[in-house]
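# Topology and contacts: notes
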Amino acid sequence: MKLTIKRQGLEKLISICLDCIPTSTADNCLRNFLLTVDESKIKLLASDGNISIEGELLINEENSDIVSAEPGSIQIPAKTFSDIIKNFQSELITLMLVDNSVLYVSDEFTRYNLRVVDAREYPNIDLVPSNATSFTIPYQDFLTLYKHTNYACAIKGRGRDLFTGINIKIENSKLYFIATDAFRLAMKSIPLSGEEFIDVSKSVTVPVKSLATLGKIEADTITFNIENSKIIFQLGHFVVASTIYGGEFPDVRRIIPDKIHYKLVANSQNFLSALERITAVGNDNVQMICHSNSVEISSRNTNVGNSKEELHDIEFKDLYLSEDVEVDDNLETFSVIFNANFVKDAVSGLDCQTVTLSFASDVKAFQISSDDPSDIQIVTPIRTLNS
């Protein structure tokens with residue numbers, strides 16, 4: 001095997017695949033890249049046993065990064081290889097395999113002799129879809145679905161594994177991405193065109209790390225291949241396979257408020273800025289008190305102090321009250337305590353100019369929404385001893 005390639009193209013391929021190299025593993029082969037060169041392309045494969053990614057560069061493609069190639073395959077220590085390529089000074093890099101055990105990696109100024117492992121010892125990674133439910137959407141639609149939901153996933157180690165992933169669901173000719181950590185919910189959907197989806201109902205939960213890897217790849221479209229025990233994504237010059245979590249994702253529709261008694265409408269950026277200022281005392285728990293003619297937010301830290309701000313350009317509606325009811329201007333209409341970070345994530349995720357907070361009561365989950373009904377954000381308030 002011998003390969004001469006432009007450094008920039010190889011470095012980009014390595015940086016994407018490196019995400020799937022485990023920091024610790026019982027199988028030492030999974031610390032390696034599997035590099036394969038043939039007459040038409042080079043392929044780089046990485047896996048941690050749960051997530052696998054294979055990227056390729058074509059030889060005959062216009063503006064190809066590959067200058068010359070002789071077929072062969074080998075395992076290369078991934079982290080070391082990545083560090084070497086990043087530190088080369090020249091634009092062209094040459095890789096030459098000697099006796100299936102040593103790989104010369106060099107540029108104009110520097111040469112490394114790396115001990116490598118026979119390609120045949122690498123685990124068998126199946127990246128070919130079979131008996132899958134398949135569909136293709138624009139890559140930008142995937143990014144929208146992912147960015148509007150990923151922050152609501154649980155941190156690993158807290159709660160059930162299902163909550164550390166995003167539920168991908170097909171229902172009523174719509175594709176849903178749903179995430180929850182049991183304290184908040186983010187759900188975004190897009191329509192799926194085609195009669196083949198009318199009667200399709202499918203639901204799998206994918207580790208958020210797998211979907212984060214997809215977000216680093218440039219492509220025009222992305223194809224989902226959902227199988228019984230894994231999901232395979234095809235996009236651009238990459239294939240990504242991921243295990244899926246067992247178990248049934250909870251029915252999140254149960255926590256969406258069906259009756260709304262209070263509504264608050266605000267400019268998104270102004271509201272976010274106010275939450276940033278009010279939590280500067282070091283406490284993310286914020287109390288919001290809504291009067292008929294004013295809205296006030298406050299936070300308290302027993303070791304530092306407290307903060308308070310009256311919000312301007314806010315529209316608050318008490319839906320209990322009709323227009324002909326005389327209201328006492330000093331009446332405390334509604335009060336709720338919430339985690340400011342959860343609310344900020346939801347408002348930022350909606351990516352809209354105006355945001356609406358809808359409450360059923362001070363102890364029930366409330367909805368944060370834009371004008372787009374396909375984008376649903378739910379946050380659970382913080383209950384006090386008096387709640």
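Residues numbered from 1 in each chain as written. Predicted model: local features only at pLDDT ≥ 70, side-chain atom pairs only at ≥ 80, totals over all residues. Heavy atoms only, no water.

### Concerning the packing of helix H1 (residues 7-17) against helix H2 (residues 78-87)
One can describe the packing of H1 onto H2 by two numbers: an axis separation of 10 Å at closest approach and a directional angle of 150°. Classified by the interaxial angle, the pair formed by H1 and H2 is roughly antiparallel. By crossing handedness, the relation of H1 to H2 is classed as left-handed. Of the residues in H2, those touching H1 at Arg7, Leu10, Glu11 and Ile14 are Phe81, Ser82, Ile85 and Lys86. Class assignment of the residues belonging to the contact of H1 with H2 gives a composition of four nonpolar, one polar and three charged. (Axes fitted to C-alpha atoms, helices over the stretch in contact; angles between N-to-C directions. Helix = DSSP H or I, 4+ residues; strand = E, 2+ residues; numbered from the N terminus. Parallel < 35°, antiparallel > 145°, perpendicular 65-115°, else oblique. Left-handed = near helix turned anticlockwise from the far one by under 90°. Contact = heavy atoms within 4.5 Å. Nonpolar A, V, L, I, M, F, W, Y, C, P; charged D, E, K, R; others polar.)

### Focus: the packing of helix H5 (residues 268-278) against helix H6 (residues 340-350)
Two elements in contact, H5 and H6, have axes separated by 10 Å at closest approach and are oriented at 160°. With respect to each other, H5 and H6 are oriented roughly antiparallel. By crossing handedness, the relation of H5 to H6 is classed as left-handed. Between H5 and H6, the residues in contact are Ser268, Phe271, Leu272, Leu275 and Glu276 and Ala340, Val343, Lys344, Val347 and Ser348, respectively. Counted by class, the contact of H5 with H6 contains six nonpolar, two polar and two charged residues.

### Quick notes on the sheet that holds strand S5 (residues 66-70)
Each strand in a sheet pairs with another by means of backbone hydrogen bonds, the pair being arranged parallel or else antiparallel. With respect to topology, five strands assemble into an open sheet ordered S5-S1-S7-S8-S9, the strand pairing being antiparallel. The outermost strands of the open sheet, each flanked by one partner alone, are S5 and strand S9 (111-115). Strand after strand, the sheet turns through a mean of 15° between neighbouring axes, direction not considered. Against the sheet, H1 makes contact with strand S1 (2-6) and strand S7 (92-98), and its axis sits at roughly 95° relative to S1, the strand it touches most. Strand contacts of H2: S7, strand S8 (102-106) and S9, with the helix running at about 175° to S9, the strand carrying the most contacts. (Pairing = 2+ DSSP bridges.)

### What to know about the packing of aromatic side chains
Scanning the model with the defined rule gives 12 aromatic pairs in all. Judged by centre distance (5.2 Å) and plane angle (75°), the rings of phenylalanine 224 and phenylalanine 233 are edge-to-face. Each member of the pair, phenylalanine 224 together with phenylalanine 233, is buried. Relative to phenylalanine 334, the ring of tyrosine 262 lies with its centre 4.2 Å away and its plane at 20°, an arrangement referred to as stacked. One end of the pair, tyrosine 262, is in strand S18 (residues 262-267); the other, phenylalanine 334, is in strand S23 (residues 332-339), and 72 residues separate them in sequence. (Phe/Tyr/Trp six-rings, centres within 6.5 Å; stacked < 30°, edge-to-face > 60°. Buried < 20%, exposed > 50% of the residue type's maximum accessible area, 1.4 Å probe, protein only.)

### Quick look at the sheet that holds strand S12 (residues 174-180)
Reading across from one edge, S14-S11-S12-S13-S26-S25-S24-S18-S22 is the order of the nine strands in this open sheet, with antiparallel pairing throughout. Two strands bound the open sheet, and with one partner strand each, they are strand S14 (202-207) and strand S22 (315-318). The average angle at which neighbouring strand axes cross in this sheet is 15°, direction not considered. Bridge count for strand S13 (residues 184-191) against strand S26 (residues 375-379) is five bridges, and the pairing is antiparallel.

### Considering the pairing of strand S11 (residues 165-171)
Of all seven residues making up S11, six are buried, and the element is well covered by its neighbours. For S11 and S14, the ladder comprises six bridges, and the chain directions are antiparallel. Counterpart to isoleucine 166 in the pairing with S14 is valine 206. Sheet analysis places S11 next to S12, joined by five bridges and oriented antiparallel. Within S12, the residue paired with isoleucine 168 across the bridge is phenylalanine 177.

### Topic: H2
Every α-helix winds through 3.6 residues per turn, so residues three or four apart in the chain are directed the same way. All of the buried residues along H2 are Ala78, Phe81, Ser82, Ile84 and Ile85. Viewed along the axis of H2, the buried residues span an arc of 165°, placing them on a single side of the element. Opposite the buried face of H2, at more than 90 degrees from it, the exposed residues are Lys79 and Asn87. (Arc of directions from axis to C-beta.)

### Digging into unusual backbone geometry
Even without a glycine there, the phi angle at asparagine 100 is positive, about 60°. Secondary-structure assignment places asparagine 100 in the loop between S7 and S8. On the accessibility criterion, asparagine 100 (38% relative accessible area) is partly exposed. Its identity is not glycine, yet aspartate 351 carries a phi of approximately 50°, on the positive side. Along the polypeptide, aspartate 351 turns up in the loop between H6 and strand S24 (354-359).

### Quick notes on the confidence of the model for the protein
Predicted confidence across the protein gives a mean pLDDT of 91, with 95% of residues reaching 70 or more. Ignoring residues within four places in sequence, the model shows residues 322-331, a span with pLDDT below 50, making nine contacts including any to other chains. (pLDDT = per-residue confidence, 0-100.)

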